[in-house]
Amino acid sequence: MTSSVVAPALSDVLFACAGCLRDVLAGRSLTESLQEVPDELRAPVQSVSFYVMRQLATGQALSELLLDKKAPNRLLESLLVVALCLLAVDENEERNRARHVPVYDAHTVVNQAVKAAEKHKKTASFKGLVNACLRNFLRNKASLMQAIAVRSEVKWGFPKWWIHQVRQAYPEQWQGILASAAIPGPMTLRVNTRQISREALHRLFSEHGIEAHETGHAGLVLAQAMPVKQIPGFDQGWWSVQDAGAQLAGEIVPVHNGMRVLDACAAPGGKTAHMLELADLDMTVLDVDSYRLARVEENLARLKLDGPHVHLHAADAADLSQWWDGMSFDLVLADVPCTASGIVRRHPDIKWLRQEADLTKTATLQRTIVQALWQTVAPGGYLLYVTCSLFPIEGQEQARYLEMSLADAERLGAPGQILPLAQQSGSVAPHDGFYYALFRKKPVSGKRG
């Protein structure tokens, strides 16, 4: 007798999503909140929550129109917003499939949202309000959607300040940048060429019916995202999941055997592993978060890149007294903390967690970290400055400041700002948004390092 997997009730999914949204609106990351969702619910809750994060401005605007006054509590407000986001789904089926939109029957959503309201004392007494609001929306969907369409945050799915910043920085490309965030990014792998060639792995994928195309020096982009355990070679360490934009780091840095290298803000370790795949290095790996550093260690072990030449330390990169032994590095990778504005298509909660004031705060922190790390670079050595940001204050403006302020620094060629732009109308952008700047410390007495 075979057992069948029973799909979770939609009411349970909606209630869990409401809890996740409430957490995000309180300043907690969606990733953290999802970790507390029961295993049997996590996949559908993640799918719906990601969609809600992309459509949050729409759900909030509709909630404001349908409620006579402010929602009685944040959990009820979140449940209403989740349900309204699902009810407001575009009816274009082909477009929905392309954007991985969760589609449910409208009346089912209403009934299940009412059942979800019954699950908690903060929402149970307001189930009638939930029912009335959602049925009111269905009766007046066209006029309500038209009423909110004029709002810029609804049209683009971003806070107003974010729209202003992107429009000001990229007057000719801002619409494409914002639009690209509505489409989930492709699943891109980086082949571990120490274990298998890209050509061999590509052939293996084809034999298993997995369609992919090559990108960059070692990348494979899957036509359809899949759970990692279903893709051949994961346990063998033949590949890692890494966006094509992030893979550029390993192509820019001039690594070669025997170099002493520092990855200063390493977690989750994709760029660390990439450099170790390219050359035999004496690698120091830092991250301020010991839990995230443990993930780096796990990833390196799976890829068979761990060993006595790799040294991991949980430490603040800006505080040299915590970790530096005084020996200089030939290369420092400074993938510094930032607003992560370039990866919102993969982490759509970011745009609602950030505030405009965060731009100045992160820029200041970046300068502090890089100025400390510059002291550890050997004469003739290199520092690669990286952010996954779109905002110039964390990219080109920061690079210009560092070029002027770092002693004995010369700036070398690097991609600069790469933007997550769709290749054509409605297509997926091939990479996330990143900024790269490469600096070299001038050798002593003009000798090259």
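Refer to the structure above for everything that follows.
Because the structure is predicted, anything quoted here is derived from the model rather than measured. (Residues numbered from 1 in each chain as written. Predicted model: local features only at pLDDT ≥ 70, side-chain atom pairs only at ≥ 80, totals over all residues. Heavy atoms only, no water.)

Novice: Explanation requested: the overall build of the chain in the structure shown.
Specialist: Of the regular secondary structure elements, the chain holds 20 helices and 11 strands. Against the globule reference of 22 Å for 449 residues, the chain gives a C-alpha radius of gyration of 24 Å, in line with a compact fold. Overall, the C-alpha framework of the chain stretches about 80 × 55 × 40 Å when taken along its three principal axes. Looking at the chain residue by residue over its 449 residues, the buried ones come to 51%. Restricting the contact set of the chain to residue pairs at least 6 apart, pairs at least 24 apart contribute 72%. About 21000 Å² of surface is accessible on the chain, with carbon and sulfur atoms providing 49% of the total. Here the chain carries 46 positive and 47 negative side-chain charges, and the mean point of each set is 5 Å from the other. (Helix = DSSP H or I, 4+ residues; strand = E, 2+ residues; numbered from the N terminus. Rg over C-alpha atoms; globule rule 2.2 N^0.38 Å. Buried < 20%, exposed > 50% of the residue type's maximum accessible area, 1.4 Å probe, protein only. Contact = heavy atoms within 4.5 Å. Areas by Shrake-Rupley, 256 points an atom, 1.4 Å probe, with all protein chains shown as cover. Lys, Arg positive; Asp, Glu negative; His and termini not counted. Charge placed at Lys NZ, Arg CZ, Asp CG, Glu CD.)

Novice: Any chance you could explain empty space enclosed by the protein here in plain terms?
Specialist: Over the atoms, a rolling probe the size of a water molecule traces out where space has been left empty. Counting across every chain of the model gives one cavity of 30 Å³ or more. Computed from the structure, the largest cavity encloses a volume of approximately 60 Å³. Every residue lining the largest cavity is listed: F158, W162, I177, L178, S180, A181, S341, G342, V344, R345, L390 and P420. The dominant element in the lining of the largest cavity, judged by the number of residues it contributes, is helix α13 (residues 174-180), at three residues. When grouped by side-chain class, the residues that make up the lining of the largest cavity number eight nonpolar, three polar and one charged. (1 Å grid on protein atoms, 1.4 Å probe; cavity = no way out; pocket = protein on both sides within 12 Å on 5 of 7 lines; lining within 4 Å. Points joined across faces, edges and corners; volume = space filled by probe spheres on them. Nonpolar A, V, L, I, M, F, W, Y, C, P; charged D, E, K, R; others polar.)

Novice: Please clarify how the sheet that holds strand β5 (residues 260-263) should be interpreted in this entry.
Specialist: What links the strands of a sheet is backbone hydrogen bonding, and the strands pair in either a parallel or an antiparallel sense. Read across the open sheet, the seven strands follow the order β7-β6-β5-β8-β9-β11-β10; overall the sheet is mixed. What marks the edges here is a single partner per strand, and that holds for β7 (310-314) and β10 (409-418). Going from strand to strand, the sheet's axes swing by 15 degrees on average, the running direction of each strand aside. Sheet topology note: the β10/strand β11 (residues 434-441) ladder contains seven bridges and is antiparallel. (Pairing = 2+ DSSP bridges. Axes fitted to C-alpha atoms, helices over the stretch in contact; angles between N-to-C directions.)

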